[in-house]
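# An overview of the molecular structure
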Amino acid sequence: MDSQTAVPNQTAPDASTAGKLKPNSLGVLGILFFVLSAQAPLTGVAGAVPIAVAIGNGAGAPAAYLAAGLITLLFSVGFVAMGRHVVDAGAFYRYIGKGLGRDLGNGSAGIALFAYCAIQAAMYGLYGATVNGLLAHYAGIDVPWWVCALVTMAIVQVLGALGIEMGAKVLAVFVLAEFSILSAFAVVTFAKGGGPEGLGFADTFSPGAALEGAPGVALMFAVASMIGFEATAIYGEEAREPRRTVPRATYAAVALVTGFFAFASWMLISSYGASKAAGAAGKALQGGDSTAFVFAPIAAQFGTWVNDVLPILLATSLFAGILAFHNSANRYLFSLSREGLLPRRVSAVNKRHSPGVAGFVQTSIAVLLVIPFALAGKDPVLTLFSWGSGIAVLAIMLLYFLTSVSVVAFFRRERLDTRPWNTLVAPLLGAVGIAGAIWLIVENFTTLIGGDRTTALWLQAAVPAVLVLGVVTGRLTRSART
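Residues numbered from 1 in each chain as written. Predicted model: local features only at pLDDT ≥ 70, side-chain atom pairs only at ≥ 80, totals over all residues. Heavy atoms only, no water.

The protein is annotated in an unreviewed UniProt entry as APC family permease of Streptomyces osmaniensis. As recorded by UniProt, the Subcellular location (unreviewed entry) comment attached to the protein reads in full: "Membrane". (UniProt positions renumbered as here; feature names shortened; annotations may be inferred.)

Okay, here's the thing in structure tokens:
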């Protein structure tokens, strides 16, 4: 049975604690803005592209985004097919539980919550450092990065409690701003015929260019940039006509993000010239500011005023991502509580039918993740951001793999959808591609987190540890109820 029949009855006295999210709140565009915000386009381009170009496959990096998009698209086919039969704010863990059993579903719930909270904490680290720099530059004051993060946590908590529609409106403004300037740069560069060496299509997308250098590193960062699109299913309970809205939003998100990253990175490389792009990206990394690789050609195209605007847009990009992951994580907490895996109080909703208690719990988790780095005096970018991002990428990719396998198992057993491509071929191909991506992530994890091998091993070990903890917790909870 699906979530609409599985939701337990609530005994709270009024609608504010009915344990139901507000239905018919989001259309395709609203869900799309949440997804695109989670992927933080400007952050992804300014942070990942220079690394993929410098230490990956150079001018062939945009081809890695197309490959990552293809893997994601194959995964999405089965993901959407499952979503037509299971509509639940828990998404991943409900999908995995349906196909691979309740225990593994409960374990995957722990991984999903762990991943979303880790990536949000990571973004708080980069956001705090970015805002600290902006305040120092424009106001001449030095506010500790963690103060900026804590203040923003309070703002995010308020916006989350105000309801999903308010969050969608705020994110729409930020997402459109960062998309607009990057898209404008890419379109103008393309219209002008590229940079000093032309568009260089073959230098970027030919098989030889795509396989140059270390394509696995580039693919790893490209896959990391795609994470967040799966949030389409998390908002299924709040979507208008979810069985139509969620699939459309999912495919639109994958197509838009893939096209955007591939096109924007191609035009960045073209602006330098394919033969010089890797050197320019490496120089930016050595200088300690990878964003220079991205910001410099945009400023050259539109004027120096861009140098004042882009850092601000980077901060708003991070804020949008933080808010999106807050909404994703609190809906996981809400769903786990409704299933009885967390205290029932966590599934209470406020007068706006938002998961208010779950939102507060999620904000508390964010505080607990950020404060230790502040107390230890750690660099928020080199530690909190790098470690949190790396562990979230590995955890989410594991969820993708388990979901693909679960789709095949579920439809072989239930026969609710007999289309071979949607329920067998595409999910299996997606699982193979995701398994390859996981292998690349594990092999290059030290590079991904920018740390040492020992730290990398501890962080990697945390993912299966959380999976086991989730399984054990689920069994103990179930035993306590019987």
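Right, picking up where we left off after that structure.
### Regarding the packing of aromatic side chains
Within this structure, the stated rule accounts for 17 aromatic pairs. With a centroid separation of 6.0 Å and an interplanar angle of 65°, the aromatic rings of F190 and W266 are classed as edge-to-face. Highlighted residues: F190 in helix 8 (residues 164-191) and W266 in helix 13 (residues 242-272), separated in sequence by 76 residues. With a relative accessible area of 39%, F190 lands in the partly exposed category. The class for W266 is buried, based on a relative accessible area of 10%. Ring pairs connect the aromatic residues F190, F201, F205, F263 and W266, which therefore count as one cluster. (Phe/Tyr/Trp six-rings, centres within 6.5 Å; stacked < 30°, edge-to-face > 60°. Helix = DSSP H or I, 4+ residues; strand = E, 2+ residues; numbered from the N terminus. Buried < 20%, exposed > 50% of the residue type's maximum accessible area, 1.4 Å probe, protein only.)

### Things to note about the environment of G200
When you line up the elements, G200 lands in the loop between helix 8 and helix 9 (201-205). Residue G200 is classed as buried on the basis of its relative accessible area, which comes to 17%. Along the chain, G200 and S270 lie 70 residues apart, while their C-alpha atoms are 6.4 Å from each other.

### A short note on the layout of surface pockets
Of the pockets and cavities examined, the largest pocket occupies roughly 1,300 Å³. As for the largest pocket, its lining consists of 44 residues, and the residues nearest its centre are G47, L126, S290, V381 and F385. Looking at the lining of the largest pocket, the elements that each hand over two or more residues are helix 2 (28-39), helix 3 (41-57), helix 6 (102-138), helix 11 (215-226), helix 15 (291-302), helix 16 (306-338), helix 18 (380-414) and helix 20 (445-449). Considering every element that reaches the lining of the largest pocket, the biggest residue donor is helix 6, with nine residues. The residue makeup of the lining of the largest pocket, split by class, is 26 nonpolar, 16 polar and two charged. (1 Å grid on protein atoms, 1.4 Å probe; cavity = no way out; pocket = protein on both sides within 12 Å on 5 of 7 lines; lining within 4 Å. Points joined across faces, edges and corners; volume = space filled by probe spheres on them. Nonpolar A, V, L, I, M, F, W, Y, C, P; charged D, E, K, R; others polar.)

### Remarks on the nonpolar core
M397 and Y400 are the most contacted members of the largest nonpolar core, which has 139 residues in total. Top contributing element to this core by residue count: helix 6, with 16 residues. Those residues in contact with M397 that sit more than four places away from it in its chain are V223, I434, A437, I438 and I441. (Core = buried A, V, L, I, M, F, W, Y, C linked by side-chain atoms within 4.5 Å. Contact = heavy atoms within 4.5 Å.)

### Topic: the environment of A329
Among the structural elements, A329 can be located in helix 16. Under the relative-accessibility criterion, A329 is labelled buried at 0%. Taking the C-alpha atoms as reference points, A329 and A358, separated by 29 residues in sequence, lie 8.4 Å from one another. Sequence-distant contacts of A329, defined by excluding residues within four places in its chain, comprise L113, Y116, C117 and Q362.

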